[in-house]
Amino acid sequence: MADAEVNKQLGNADRDLVALGIATAAIILFVATGSSVVPKAIDAVFSDGHAPDHLLINALLLNVVLIIFGWRRYRELQAEISERRRAEGLARELAEIDPLTSCLNRRSMKSATEALCEDASIRGRAVAYCMIDLDNFKQINDMHGHSVGDAVLVELAKRIEAQLPKDASLARLGGDEFAFITSYEAGNRDRVDDLVVRLFEQIALPFEQEEVTIDTTISIGVATDHDGTEFHSELAAPNSLMQRADIAMYTAKKQGKNRYFWFEPTMENELRFRNELEAGIRRGITAGEFVPYYEQQVDLESGELVGFEMLARWRSDQMGIVSPEIFIPIAEEIGLITQLSDQLMDQALVDASAWDESLTLSINISPIQLRDPWFAQKLLKLLVTHNFPAQRLEVEITESCLHENIGMVRSIITSLRNQGVSISLDDFGTGYSSLEQLRTLPFDRLKIDRSFVSELKEPSGTSKIVDAIVSLGRGLNLPITAEGIEDEAILKALKAMGKLKGQGYLYGQPESGEQVRERLALAGKLMTNSANATNNIQDPNTVEIEAMLAKTVNL
Ligand code: C2E
Ligand code: MG
Ligand code: MG
């Protein structure tokens, strides 16, 4: 019910006509009958006069009863009205205030924005709408539970509120998303910049909650209703301010989080492009547009082909061949990486089953996939389905996987290794793996990132980092693969470092499944029919995996 209507009803109740009518009539009657009865009664008592008429006395008494009744009804009504007012007030508060943080909510933020914009335009001031989002809230909830997550949100709201100027309003728009609006002197954005910097400083202080200390960061997007010193009414609509601040905040997230941006019109195009990519990826998965390509892996000493690394490609209708560096991070973000990777692995296992048994297949696994406790079982089941020997499969994980739940990563790696799959640490040196992790996690191989290998191109033909990684591998008894071998000079330098595997454009660009098949046919390295037949008699290891899977779960 609309607030105005409720108030009207309460106002009517306040002036309840029945009660008022009864009380007024009773008082008039009381005065009328009283003025005739009381003098007669006094006369009867003191001067022996006639006692007042019984009928009049009864009428007087009835009046008294009516006045008492009217008064009581009036009191009851008053109590009822104040109770209803209190309940209505509470309901209004619940509709406008976020119960957890006591900030405004999304609904009331809209009216607060309208009010501030109006007030600021009268005073010739500009309005800034700041969208704030915690950078790792899901992780806080997952690791410490929802009560700690809630406490962090309450504390966050307090810290923001404490920094805001008087005219500002803070709202929690949902989850870990907050927004505030404030006015500032048009053309003097620095005031907002200073405020935002103070917020970053406050949030950088640790959050001490229930005996845990949480470090967190925020990303902020800011939109204004002014272009320089010029006010633009179309920029001042609450929805437009909110949307633009949101786009700017999204840009801050994309640029690495823990930062802020003022909205720029170009951001809108980027967002549109990104949305198109997302929609394209969804369509592409259904249409089977994602295909495995393969890069040769070679024994550097003998120059012999030892296997292939599968690299995903998107054969997009609209964009042609798209690099995994563009679509993998998006697929990870929108929760489609598992589906995408399953499709690719399935196809890669079909392709690799036709290759000579001596050739290995390496696949890249995203950190998100390692969050699935059943990942190892699912992968092993896929091997069984394709009757592909686990010994021929190599799983490449990057150092960023080690930031995930390390216990789970260890158990996945161990399950895979127990069945014969090898595990490589990819792009080694570009992330933050510790020596401790290298020592305790059962890796089978290190892959030196091509950014280090390319240093060998320099006339000196040396790279201190490549040298160091090769010695580290030797010390830890981990074989090494060098990525990005682009020319003979790099190859020569690497060969001088000992027995390594390598890959790179010197041996050819990644190729499609059909191209690899042709290449292998020419080299006589396709599985022969007889070998294929033997392969169909189940590999003893496959039988073992099947038995193990049957014991675990029905996936
Ligand atoms: P990566 O696993 O380190 O793969 C090697 C990348 O280096 C490939 O890029 C490859 O084309 C490129 N490369 C190989 N040799 C040379 C060279 O000599 N010079 C230069 N400049 N580049 C070379 P690509 O295919 O664009 O893949 C990029 C990254 O995307 C991969 O890096 C991998 O991390 C990721 N990726 C690819 N496919 C998949 C996939 O199916 N799943 C997941 N999770 N990630 C994938
Ligand atoms: Mg790789
Ligand atoms: Mg790599």
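In what follows, the structure referred to is the one given above.
The notes below deal with the structure included here. Only a predicted model underlies this, so the values are computations on that prediction, with no experimental measurement involved.

What to know about the overall build of the protein chain
Phase 1: Counting its regular elements, the protein chain contains 20 helices and 20 strands.
Phase 2: The C-alpha atoms of the protein chain give a radius of gyration of 39 Å, which is well past the 24 Å a tight globule of 555 residues would have.
Phase 3: Across its three principal directions, the C-alpha atoms of the protein chain cover 145 × 60 × 50 Å.
Phase 4: In the protein chain, buried positions account for 44% of the 555 residues.
Phase 5: A fraction of 68% describes how many contacts in the protein chain between residues 6 or more apart in sequence connect residues 24 or more apart.
Phase 6: Element-wise, carbon and sulfur atoms account for 54% of the exposed surface of the protein chain, whose accessible area totals about 29,000 Å².
Phase 7: Of the charged side chains in the protein chain, 55 are positive and 83 negative; the average position of the first set lies 2 Å away from that of the second.

Regarding unusual backbone geometry
Phase 1: At Asn387, a residue that is not glycine, the phi angle is positive and equals roughly 50°.
Phase 2: If you trace the backbone, Asn387 turns up in the loop between helix H12 (375-386) and strand E15 (393-398).
Phase 3: Residue classification places Asn387 among the buried positions, given a relative accessible area of 9%.
Phase 4: Positive phi, normally seen in glycine, also occurs at Asn477, with a value near 60°.
Phase 5: By the secondary structure assignment, Asn477 is in the loop between helix H16 (464-475) and strand E18 (480-482).
Phase 6: With a relative accessible area of 69%, Asn477 lands in the exposed category.

Some details on the coordination of the magnesium ion (ligand 2)
Phase 1: Those protein atoms acting as donors to the magnesium ion (ligand 2) are Glu309 (OE), Asn364 (OD1), Glu396 (OE) and Asp426 (OD), and they sit at 2.0 to 2.3 Å.
Phase 2: On the primary sequence, the residues serving as donors to the magnesium ion (ligand 2) are separated as E-x54-N-x31-E-x29-D.
Phase 3: Distance-wise, the magnesium ion (ligand 3) is placed 3.8 Å from the magnesium ion (ligand 2), both being coordinated by Asp426. Note that Glu309 is positioned in strand E12 (residues 304-316) and Asp426 in strand E16 (residues 422-428), a separation of 117 residues in sequence. You'll find Glu309 and Asp426 in the same group, each marked buried.

Structural notes on the packing of aromatic side chains
Phase 1: Considering all chains together, one arrives at nine aromatic pairs under this definition.
Phase 2: A ring pair is formed by Tyr294 and Phe308, whose centres lie 6.4 Å apart and whose planes are at 80°; its orientation type is edge-to-face. Here Tyr294, found in strand E11 (residues 290-299), pairs with Phe308, found in strand E12; they are 14 residues apart in sequence, far enough to count as distant.
Phase 3: For the ring pair Trp314 and Phe327, a centre distance of 6.3 Å and an interplane angle of 85° mean the geometry is edge-to-face. Here the residue Trp314 occupies a position in strand E12, and Phe327 occupies one in helix H10 (residues 324-333), the gap between them amounting to 13 residues.
Phase 4: Trp314 sits in the buried class, given a relative accessible area of 1%.
Phase 5: Under the relative-accessibility criterion, Phe327 is labelled buried at 1%.
Phase 6: Each member of the aromatic cluster is reached from another via a ring pair, and the members are Phe290, Trp314 and Phe327.
Phase 7: Lying over the aromatic face of Trp262, Arg189 brings its terminal NZ or CZ to 4.0 Å of the ring centre.

A short note on the pairing of strand E2 (residues 125-134)
Phase 1: Summarising burial for E2: nine of the 10 residues are buried, a large majority.
Phase 2: Alignment of E2 against strand E4 (residues 177-185), held across nine bridges, turns out to be antiparallel. When the sheet's bridge partners are listed, Ile132 is paired in E4 with Phe178.
Phase 3: When E2 meets strand E7 (residues 218-224), the two strands line up antiparallel, connected through seven bridges. The residue of E7 that forms the bridge with Cys130 is Val222.

Focus on the site of ligand 1
Phase 1: Neighbouring ligand 1 are 24 residues; Glu295, Arg313, Arg450, Glu486 and Tyr505 lie closest to it.
Phase 2: Asn364 places a polar side-chain atom, nitrogen or oxygen, 3.0 Å from an oxygen atom of ligand 1.
Phase 3: In this structure, Glu486 approaches ligand 1 through a side-chain N or O atom, which is 2.5 Å from a nitrogen atom.
Phase 4: Compared with its free state, where it exposes 790 Å², ligand 1 has 88% of that area covered by protein.

Parameters and conventions
Residues numbered from 1 in each chain as written. Chains lettered and ligands numbered in written order. Predicted model: local features only at pLDDT ≥ 70, side-chain atom pairs only at ≥ 80, totals over all residues. Heavy atoms only, no water. Helix = DSSP H or I, 4+ residues; strand = E, 2+ residues; numbered from the N terminus. Rg over C-alpha atoms; globule rule 2.2 N^0.38 Å. Buried < 20%, exposed > 50% of the residue type's maximum accessible area, 1.4 Å probe, protein only. Contact = heavy atoms within 4.5 Å. Areas by Shrake-Rupley, 256 points an atom, 1.4 Å probe, with all protein chains shown as cover. Lys, Arg positive; Asp, Glu negative; His and termini not counted. Charge placed at Lys NZ, Arg CZ, Asp CG, Glu CD. Donors = N, O, S within 2.8 Å, 3.2 Å for Na, K, Ca; no water. Phe/Tyr/Trp six-rings, centres within 6.5 Å; stacked < 30°, edge-to-face > 60°. Lys NZ or Arg CZ within 6 Å of the ring centre and 35° of its normal. Pairing = 2+ DSSP bridges. Near = heavy atom within 4 Å. Polar contact = N/O pair within 3.5 Å; in protein donor to acceptor, adjacent residues only side chain to side chain.

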